[in-house]
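Structural description and commentary
So the chains spell out like this:
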Amino acid sequence: MTQRVRVFLSLLVWGMASISTFASVFNWSLVGDEATAIPGEWARIYGYPIYQPSATWRATILTAGTLAVDRYTTPFVQDVVYPLTTELKETDPDTALFVGAGALYTWGALTAESLHQETALRLVKAYMHSYLYTQLTLKTIFARNRPTPYLSSGEVLSGYTNDPLSFGNYHSVYFEDRVEGSSFPSFQFTFVFAAIRVLSHQYQNPWSYTLGAVYLLPNISRHQHWVSDMVAGAFIGTMIAEEIVNPSKVDGPSDDEIITMIPLVSVGTVGGLLHVSI
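Let me begin by describing the structure that accompanies this report. (Residues numbered from 1 in each chain as written. Predicted model: local features only at pLDDT ≥ 70, side-chain atom pairs only at ≥ 80, totals over all residues. Heavy atoms only, no water.)

Comments concerning the pattern of salt bridges
Under the criterion given, the structure shown has eleven salt bridges. Here Glu34 and Lys125 are joined by a salt bridge, their closest N and O atoms 2.7 Å apart. Here Glu34, found in helix H2 (residues 28-36), pairs with Lys125, found in helix H8 (residues 114-142); they are 91 residues apart in sequence, far enough to count as distant. Note on accessibility: Glu34 and Lys125 belong to one class, buried. Of the charged contacts, one joins Arg44 and Glu243 as a salt bridge, the two residues approaching to 2.9 Å between their closest N and O atoms. Placement of Arg44 in helix H3 (residues 38-46) and of Glu243 in helix H11 (residues 227-245) is noted, with a sequence separation of 199 residues between them. (Salt bridge = Lys/Arg side-chain N within 4 Å of Asp/Glu carboxyl O. Helix = DSSP H or I, 4+ residues; strand = E, 2+ residues; numbered from the N terminus. Buried < 20%, exposed > 50% of the residue type's maximum accessible area, 1.4 Å probe, protein only.)

Written out as structure tokens, the structure reads:
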């Protein structure tokens, strides 16, 4: 049984325990609304290129631009950014979801605050949609190999590649990450940016972007991605969250909606804040 399947089963057990423990404050109407919205969210996520062609083209062009320079940007990230994060403690995204959403929902149940419960449910949906769309669908379609951990040295480890155009390495559906054919897009960036957008919408506060940066920095070297994998994941995660929190949005983005990358540098550390609006 894969780790992510275990997470789904754990969430199911947690949900049943929550129902029995907090039956008097369990918001059945809210759970029903969030559950019945899932088919429509699936349709909008998978049909996004049709419903939102302008935003899709913007994201595609920007991702293609980063892919064109992957041969230069990815070695830089490996040589400069990765070493600065080695001392930071890694956090598994599945664990972060289970602990964070579980604690938030429990707090909402104890305080009878529907906003916290709604946010927890939407975080779970953000994970679910990210997993189905990125891990099971897009990674299978694009089948891109991961960059070898030592691009600058010229050494290519087994299963990895030094060719940023190494797409089409087709395989069966991978239910969890592997080395071969599972690089594009990054599931980690997809889920984290989906979670960031859900939190920023629910609480109308930009602190979620800082939380996302704190999570991503110690985990950035964990799965060995091309920079374009991360950028694509950020776009996709933001899109997924928008279809959860703003399901009525059918028009393309306004001209003032942009992607912004702000480098963050301090003594002994370096990082970046990537803000995506599509």
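Focus on H3
Of the residues making up H3, those classed as buried are Ile38, Glu41 and Ile45. Buried residues of H3 fall within an arc of 55° about the axis and therefore sit on the same side. Buried-residue contacts for H3 involve H2, helix H4 (48-51), H8 and H11. (Arc of directions from axis to C-beta. Contact = heavy atoms within 4.5 Å.)

Here's the deal with a nonpolar patch on the surface
On the surface, Phe76, Val80 and Leu84 cluster together to form a nonpolar patch covering roughly 250 Å² of accessible area. Residue position: Leu84 is located in helix H6 (residues 70-85). (Patch = residues over 30% accessible without salt bridge, like charges linked within 9 Å, V, L, I, M, F, W, Y side chains within 5 Å. Areas by Shrake-Rupley, 256 points an atom, 1.4 Å probe, with all protein chains shown as cover.)

Focus: the side chain of Gln78
Locating Gln78 in the fold gives a position in helix H6. Residue Gln78 is classed as buried on the basis of its relative accessible area of 6%. Polar contacts involving the side chain of Gln78 include one to the main-chain amide nitrogen of Leu151, which spans 3.3 Å. Each residue touching Gln78, except ones within four places of it in the same chain, is listed here: Pro83, Pro147, Thr148, Pro149, Tyr150, Leu151 and Gln224. (Polar contact = N/O pair within 3.5 Å; in protein donor to acceptor, adjacent residues only side chain to side chain.)

Focus on the packing of helix H9 (residues 187-203) against H11
For the pair H9 and H11, the least separation of the axes is 7 Å and the interaxial angle reads 40°. What the angle tells us is that H9 and H11 run oblique. Along this stretch, H9 crosses H11, giving a crossing that reads as right-handed. Packed against H9, whose contacting residues are Phe189, Thr190, Phe193, Ala194, Arg197, Val198, His201 and Gln202, the element H11 presents Met230, Gly233, Ala234, Ile236, Gly237, Thr238, Ile240, Ala241, Glu242 and Val245 at the interface. Counted by class, the contact of H9 with H11 contains ten nonpolar, six polar and two charged residues. (Axes fitted to C-alpha atoms, helices over the stretch in contact; angles between N-to-C directions. Parallel < 35°, antiparallel > 145°, perpendicular 65-115°, else oblique. Left-handed = near helix turned anticlockwise from the far one by under 90°. Nonpolar A, V, L, I, M, F, W, Y, C, P; charged D, E, K, R; others polar.)

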